[in-house]
2 protein chains.
Amino acid sequence: MIMVLETKSEKIMKVANSRGFFYPSAEIYCAKAGFWTYGHLGTRVKQKWENLWRKTFLSLNPYYFEIDDCVIMPEDVFKASGHLEHFNDPLTECKKCHSRYRADELIEKSLKIEAQGLSEDALTKLIQDNKLLCPKCSAELTEVKMFNMMFKLKVGATGQDVMYLRPESAQSPYLAFKREHEALRRKMPMGLAVIGKAFRNEISPRQGFFRLREFTQAELQIFFDPDKIDECDNWDEVKDYELLLYLHNDKKINKVKCEEANKELKLPRFYLYHAAKIQQFYLDKLRIPKELFRLRELSEEERAFYNKIHFDIELNLESLGGFKEVAGLHYRGDHDIGGHQKGSKQKLEVVDENKRYIPHVLELSFGVDRNVWALMDVFYAEEKERTLFKFPPNVSPIDVAVFPLVKKEELPTIAKKLFTELNYEFKAFYDESGSIGRRYRRQDEIGTNYGITVDFDTMDNNKVTLRDRDSMKQVLVEVDKCKNILRELIKGNLKFEDAGESLK
Amino acid sequence: MIMVLETKSEKIMKVANSRGFFYPSAEIYCAKAGFWTYGHLGTRVKQKWENLWRKTFLSLNPYYFEIDDCVIMPEDVFKASGHLEHFNDPLTECKKCHSRYRADELIEKSLKIEAQGLSEDALTKLIQDNKLLCPKCSAELTEVKMFNMMFKLKVGATGQDVMYLRPESAQSPYLAFKREHEALRRKMPMGLAVIGKAFRNEISPRQGFFRLREFTQAELQIFFDPDKIDECDNWDEVKDYELLLYLHNDKKINKVKCEEANKELKLPRFYLYHAAKIQQFYLDKLRIPKELFRLRELSEEERAFYNKIHFDIELNLESLGGFKEVAGLHYRGDHDIGGHQKGSKQKLEVVDENKRYIPHVLELSFGVDRNVWALMDVFYAEEKERTLFKFPPNVSPIDVAVFPLVKKEELPTIAKKLFTELNYEFKAFYDESGSIGRRYRRQDEIGTNYGITVDFDTMDNNKVTLRDRDSMKQVLVEVDKCKNILRELIKGNLKFEDAGESLK
């Protein structure tokens, strides 16, 4: 007998596919790599994450707002942004079978060295010097050429209007800046957020949700006066807060107070404030264990030339074998507004407190799909008789499941009525088939926070059994109080033990 | 002096552009027709509409769920759906200057006759018989040819993988049906909703928001047993409800009870139930005046061949000169699941109560952008000294604005504190510059429901002035009670007159 040990990634994928979190897009046809559908459960997790993000980051300043833009954009936008020239992957082609490969990945796999970011010439030299051949047919490979990763579209009947799918949501706020700055009465700093799709023609999509061709970003672009980068209205809120910093010349996680990071590391206050808020989002709101979190500084070689300060937000994900980027905090200088001012020949500089300047940009950039995967990884748990997701209530797909103990007498009627009442305020799920134990397991498997069972006693005493997912403890509560109790439990205002009469 | 009378459409567009509801996408470059950006206010209206839609239609049945899919899909999907062959616009080209035109529109404009839906040959004949020439250079026009309206993409490095941007969100639930049917334990009927983007390469985008190249749809696809189309669990809820029906052989709006429509017009109960819920969504939740609403039956010539029953939901919009389609309710038969079963060679039929069948589809399809425009039209109002949007609270972009009467003493501090408290639960806006009258007008102009003013008395009595947008009435309320009062006002549980001490 052969024991097949599944990896954590395989286990998550299996639950995700079979229960309706996510599955390959258009899978009844031949699904293409890098495209995924969120099923009915995954859509809920994604939306809850997005709403939490919105609530957290848009409330930092009354002048942080959300906009919603097209994903198809004119060519001129990407001339100005640099994507047309620089947004490339290095490709090599087999001279015989014409298969194409990402040169850096081919080299990394064959020679076990880092090759990302190397020039065309350097990659070609490595292939030739090491006599690397086509992995399929062992013929020679061509010189390495850059391949633009944007999807091109022809718009209109003549086909002469070339447009592109945006490769990042960030361009939308840059294009809208002038209009919103006027509409918002020229207030600075001003933030414009977008939660939306972006598209990249990846040659080899891989790592599940970490390199997709169609993906969702949640980004906040903050426009501000560069002279005020070391000023922050709410500095007191964060100055004693300890950041978990992983500096590139140090290679370990240090706890550094914001005050200290400002003085010793010369990181500006406006940057540090937002770094602290991001860390709090992960640790306090999403309940990610501290030891799985770090803010990793990128070295000058790693970061884009226009990024003056760049830390990635990384989570240690067992399914992917280590720390992986889920977000980034980038001080992009005047690259964006300056670039579009030049490209569009429109005045994008502002006059603010009698000073004329090109706004600088601080970018908070989150990969939504990566974050959804990270939640699935971090909260996945195995116990003797069950697997479960220990999602906090603010990201679990279902808040409460309602069961009649059996399909007899009035039990289903009472349970359905309660379900309907609860489903208006919470996301509830009703299930009446199978043994009660099995129904609990099915809900644990998808991370439903609470279960309510209507039994024969309910008809007499109007009480139901409320069950907690993580502890599997049960208490008896009055039907009419279910809604209030759930609300307080979910808000964290009530301990489960105090929610009702305890049962054995 | 020349009096320029603006049309309602121009007036709405002007407010929308200058205040940040919406404006042409990428307008700092040469904006392309048919692409719009939602600004910070429009994004709020759109999201509120979407959330109301979600809450309304997903709560109709515990087995109606939302999914979230890719917009890029493989070619085979559109072979099976028929889009590759049939999703065309008729084009004619100038033989000299090579400008291209939609043949039906050119004919309609020149000959003042209806030409939509005519065949290539019929259109060519009309052009030739009437000697229609190029509107630009008066040269001859070519024969009419069909032009596919889907955007084509090349995916992967070789460029051999052809994919398309979905021209309707509906395909996503059809593709996900098999997987979700399994995940949801083979329950029927089952509904899958999508709120997402769709894309059409329109040759001549026009009518503002009514023919876009990139747009958002909110659609619910319900899969059910065709033998049960005249069954409906909640029939009692709607059987006496009066639908506002505009039948194609009658050409006027009739009030028809669902019961009567079922018996006399032979419309099935499952269809009528959803028609009633759509009408209630518009009249009761969105507060659209009854006289602006109708359910218009399409004749056999007007509707797609696979639609067995098809009513459009139309609103009478002054800005567009009459009744316009904002949604549709389509009984699509087995066209979709049958088509994909054939195309994908996967078993998509279900076994339900010992019967094997191909699920039929009832589609609720809403154009989100059209609905946003309709709200702007219906609720726009002009009064002697102001223009305003009389949005109901569930779609207004801002719930409450908070002002210090003047920028003196503690007034701004108190007002900012109140703003911050309110902004957590509501969407609040803070403004301290300009005269108080002007600040009220600015909020009226964007449809903010309530205004709160902190004045010198506030420092003594801890009371603020609360103002109602529509009536412009004011009452005095305690600072600490603002949150509860606003909550009850917005829910409609409290009359404004009873919200506090009345002022003159």
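Counting restarts for each chain, with residues numbered from 1 along the sequence as it is written. Here the convention is simple: chains get letters from A, ligands get numbers from 1, in the order in which they are written. Totals for whole chains, interfaces and linings use every residue, but because this is a predicted model, local features are given only for residues with pLDDT of at least 70 and side-chain atom pairs only at 80 or more, for both listing and counting. The side-chain quantities take in all heavy atoms of the structure and omit both hydrogens and water.

A. Here's a closer look at the overall build of chain A. Runs of E in the DSSP output that reach at least two residues are strands. Runs of H or I that reach at least four are helices, and both are numbered from the N terminus. The helix and strand tally for chain A stands at 16 helices and 27 strands. Principal-axis analysis of the C-alpha atoms gives chain A an extent of 80 × 70 × 55 Å. We call a residue buried when its accessible area falls under 20% of the maximum for its residue type, exposed when it is over 50%, and partly exposed in between, using a 1.4 Å probe and counting protein chains only. Looking at the 504 residues of chain A, the share that counts as buried comes to 59%. Contacts are assigned to residue pairs with any non-hydrogen atoms lying within 4.5 Å of each other. Restricting to contacts in chain A with at least 6 residues of sequence separation, those with at least 24 account for 64%. Only the protein chains shown count as cover for residues, and all accessible areas are computed by the Shrake-Rupley method using a 1.4 Å probe. In the structure as shown, chain A presents an accessible area of about 22,100 Å², 46% of it carried by carbon and sulfur atoms. Under the counting rule used here, the positive set is Lys and Arg, the negative set is Asp and Glu, and His together with the chain ends is not counted. Charged groups are reduced to one reference atom each: NZ for lysine, CZ for arginine, CG for aspartic acid, CD for glutamic acid. The average position of the 81 basic charges and that of the 82 acidic charges among the side chains of chain A differ by 2 Å.

B. Focus on the side chain of A:Gln217. All names here are of chain A. Structurally, Gln217 is set in strand E11 (residues 214–224). You can call Gln217 buried: its relative accessible area is 7%. Residues in contact with Gln217, not counting those within four places in the same chain, are Glu168, Ser169, Val194, Ile195, Gly196, Ala198, Arg200, Ser365, Phe366 and Val368.

C. Region of the structure containing the packing of helix H2 (residues 40–58) of chain B against helix H10 (residues 269–285) of chain B. Residues and elements named next belong to chain B. Where H2 contacts H10, the two axes come as close as 11 Å, and the packing angle between them is 135 degrees. Comparing their axes, H10 and H2 come out oblique. Classified by chirality, the crossing of H10 by H2 is right-handed. Residues Trp49, Leu52, Trp53, Thr56 and Phe57 of H2 lie in contact with H10, whose contacting residues are Lys277, Ile278, Phe281, Tyr282 and Lys285. For this classification, the nonpolar set comprises Ala, Val, Leu, Ile, Met, Phe, Trp, Tyr, Cys and Pro, the charged set comprises Asp, Glu, Lys and Arg, and every other residue, Gly included, is treated as polar. Residues of the contact of H2 with H10, tallied by class, amount to seven nonpolar, one polar and two charged. Every angle, taken between N-to-C directions, lies between 0 and 180 degrees, and every axis is a line fitted to C-alpha atoms, over only the stretch in contact when it is a helix. With respect to orientation, any angle under 35 degrees is reported as roughly parallel, any angle over 145 as roughly antiparallel, any angle of 65 to 115 as roughly perpendicular, and every other angle as oblique. Take the far helix as your reference; a near helix turned counterclockwise from it by less than a right angle gives a left-handed crossing, and one turned clockwise gives a right-handed crossing.

D. Structural detail: the interface of chain B and chain A. Every contact between the two is made by 79 residues of chain B and, on the other side, 79 residues of chain A. With both chains or domains summed, chain B and chain A bury close to 7,200 Å², and 58% of this area falls on carbon and sulfur atoms. When the buried surface of chain B facing chain A is broken down by residue, B:Ile28, B:Tyr29 and B:Arg185 rank first, second and third, together holding 12% of it. When a carboxyl oxygen of Asp or Glu is within 4 Å of a side-chain nitrogen of Lys or Arg, the pair counts as a salt bridge. One can count eight salt bridges joining chain B with chain A. One salt bridge in this structure joins A:Arg179 and B:Glu27, with 2.7 Å as the shortest N-O distance. Polar contact is defined as a pair of N or O atoms within 3.5 Å, subject to the rule that within protein one atom must be able to donate a hydrogen and the other to accept it, and that residues adjacent in sequence are counted only when both atoms are side-chain atoms. Where chain B touches chain A, the interface holds 36 residue pairs in polar contact (both at pLDDT 80 or more). Its residues assigned to classes, the side of chain B that touches chain A shows 37 nonpolar, 17 polar and 25 charged. Throughout, the accessible surface (probe 1.4 Å) given up by two parts as they are put together, summed over both, is called the buried area.

E. Spatial organisation of the state of the cysteines. Cysteine sulfur pairs qualify as disulfides if the two atoms are within 2.5 Å. For the structure shown, the criterion picks out zero disulfides over all chains. Here A:Cys258 is not cross-linked by a disulfide; its sulfur's nearest cysteine counterpart is in A:Cys232, at 9.1 Å. Free of any disulfide, B:Cys134 has its nearest neighbouring cysteine sulfur in B:Cys94, separated by 3.7 Å.

F. Region of the structure containing the sheet that holds strand E23 (residues 428–430) of chain A. Residues and elements named next belong to chain A. Spatially, the six strands line up as an open sheet ordered E23-E22-E24-E25-E26-E27, and their pairing is mixed. A strand with exactly one partner marks an edge of an open sheet, and here the two such strands are E23 and strand E27 (501–502). Of the strand pairs in this sheet, strand E24 (residues 450–454) and strand E25 (residues 463–468) are connected by four bridges, and their pairing is antiparallel. Along E25, the bridge assignment pairs Gly451 with Arg467. Against the sheet, helix H14 (residues 436–446) contacts strand E22 (400–404), E23, E24, E25 and strand E26 (474–478), and its axis sits at roughly 165 degrees relative to E22. Contacting E22, E24, E25 and E26, helix H16 (residues 482–491) crosses the sheet at an angle of about 165 degrees to E24. Being paired, for any two strands, means DSSP has found at least two bridges between them.

G. Quick look at helix H11 (residues 335–344) of chain B. Residue and element names in this part refer to chain B. Among the residues of H11, Asp336, Ile337, Gly339, His340, Gln341 and Ser344 are the ones counted as buried. Where the residues of H11 are buried, they touch helix H3 (75–81), helix H7 (171–183), strand E11 (214–224), strand E16 (322–333) and strand E19 (360–367). Of the residues trailing H11, Lys345 is marked for its positive phi of about 55 degrees.

H. Just the sheet that holds strand E10 (residues 190–199) of chain A, in detail. Residues and elements named next belong to chain A. Here nine strands make up an open sheet; going across it, the order is E3-E10-E11-E19-E16-E15-E14-E12-E13 and the pairing mixed. With partners counted over all chains shown, the strands left at the sheet margins are strand E3 (64–66) and strand E13 (253–257), one partner each. Geometrically, the sheet is characterised by an average inter-axis angle of 30 degrees between neighbouring strands, direction not taken into account. The sheet contact formed by strand E12 (residues 242–246) and E13 spans five bridges and is antiparallel. Note that in E13 the partner of Leu243 across the bridge is Val256. Strand contacts of helix H11 (residues 335–344): E11, strand E16 (322–333) and strand E19 (360–367), with the helix running at about 55 degrees to E16, the strand carrying the most contacts.

I. A look at the packing of aromatic side chains. A pair of Phe, Tyr and Trp rings is counted when the ring centres sit within 6.5 Å of each other, with Trp represented by its six-membered ring. The angle between the planes then sorts it: under 30 degrees is stacked, over 60 is edge-to-face, the rest tilted. Applying the stated rule across the entire model yields 68 aromatic pairs over all chains. Centroid distance B:Phe281 to B:Tyr282: 5.3 Å. Interplanar angle 80 degrees. Geometry classified as edge-to-face. A single burial state applies to B:Phe281 and to B:Tyr282, both of which are buried. Through a chain of ring-to-ring contacts, the aromatic side chains of A:Trp49, A:Trp53, A:Phe57, A:Phe281, A:Tyr282, A:Phe293 and A:Phe366 assemble into a single cluster. The criterion is that NZ of a Lys, or CZ of an Arg, lies within 6 Å of the ring centre and within 35 degrees of the ring normal, and then a charge sits over that ring. In this arrangement the basic side chain of A:Arg294 is found over the ring face of A:Tyr246, its NZ or CZ atom lying 4.0 Å from the centre. One residue, A:Arg467, lies across the ring of A:Tyr440, its end atom 4.3 Å from the ring centre.

J. The arrangement of the relation of the copies chain B and chain A in detail. Here the copies are matched by least squares. The fit uses the C-alpha atoms of residues with pLDDT of at least 70 in both. Relative to chain A, chain B is turned by 180 degrees and slid 0.0 Å along the rotation axis, the superposed coordinates differing by an RMSD of 0.1 Å. Both copies are brought into coincidence by an operation consistent with a two-fold rotation axis. Considering only C-alpha atoms, the residue of chain B closest to the rotation axis is B:Leu153, which sits at 3.2 Å. When the interface residues of chain B are mapped onto chain A, 100% of them again fall at the interface, so both copies present the same face.

K. Quick look at helix H7 (residues 171–183) of chain A. Residue and element names in this part refer to chain A. For a helix, the expected span equals 1.5 Å multiplied by the number of residues minus one. Its 13 residues give H7 an end-to-end C-alpha distance of 19 Å, which sits within 8% of 18 Å, the value for a rise of 1.5 Å per residue. Where H7 bends most, at Phe177, the angle is about 55 degrees. For H7, the full list of buried residues reads Gln171, Ser172, Pro173, Tyr174, Leu175, Ala176, Phe177, Glu180, His181 and Ala183. The first or second residue beyond H7 is Arg185, which carries a positive phi of 60 degrees. What we call the bend at a residue is the angle made by axes fitted to the seven residues finishing there and the seven residues starting there.

L. Spotlight on the confidence of the model for chain A. Residue-level confidence of the predictor is summarised by pLDDT, bounded by 0 at the bottom and 100 at the top. Confidence in the prediction for chain A averages 94 pLDDT; 99% of positions are at 70 or higher. Scoring of the predicted complex yields 0.94 for pTM and 0.94 for ipTM.

M. Local environment of the domain arrangement of chain A. Under the domain assignment used here, chain A contains domain 1 (40–72 + 168–378), domain 2 (88–146) and domain 3 (398–503). Between the C-alpha centres of domain 2 of chain A and domain 3 of chain A the distance comes to 58 Å. Domain extents, as shown, originate in an automatic or database domain assignment.

N. Summary view of the pairing of strand E10 (residues 190–199) of chain B. All names here are of chain B. For E10, the tally of buried residues reaches 10 of 10 residues, placing the bulk of the element in the interior. Examined bridge by bridge, strand E3 (residues 64–66) and E10 share three bridges and lie parallel to one another. Bridge pairing in E10 places Tyr64 opposite Gly191. Here E10 runs beside E11; their pairing, made up of 10 bridges, is antiparallel. Its bridge partner lying in E11, Ala193 is registered against Leu220.

O. Structural context of unusual backbone geometry. Residues and elements named next belong to chain A. Each neighbour pair has its own omega, and for Met188 with Pro189 the value is -10 degrees, a cis peptide bond. Examined against the element boundaries, Pro189 turns out to sit in the loop between H7 and E10. One non-glycine residue, Ser138, lies in positive phi territory at about 60 degrees. Turning to its location among the elements, Ser138 is positioned in the loop between helix H6 (120–129) and strand E7 (145–148).

P. Summary view of the packing of H7(A) against H11(A). Residue and element names in this part refer to chain A. Relative to each other, H7 and H11 sit at 60 degrees, their axes nearing to 10 Å. On the basis of their axis angle, the class for H7 and H11 is oblique. Handedness of the crossing formed by H7 with H11: right-handed. When H7 is examined against H11, the residues Gln171, Tyr174, Leu175 and Phe177 are found in contact with a partner set consisting of Asp336, Ile337 and His340. Grouping the constituent residues of the contact of H7 with H11 by class yields four nonpolar, two polar and one charged.

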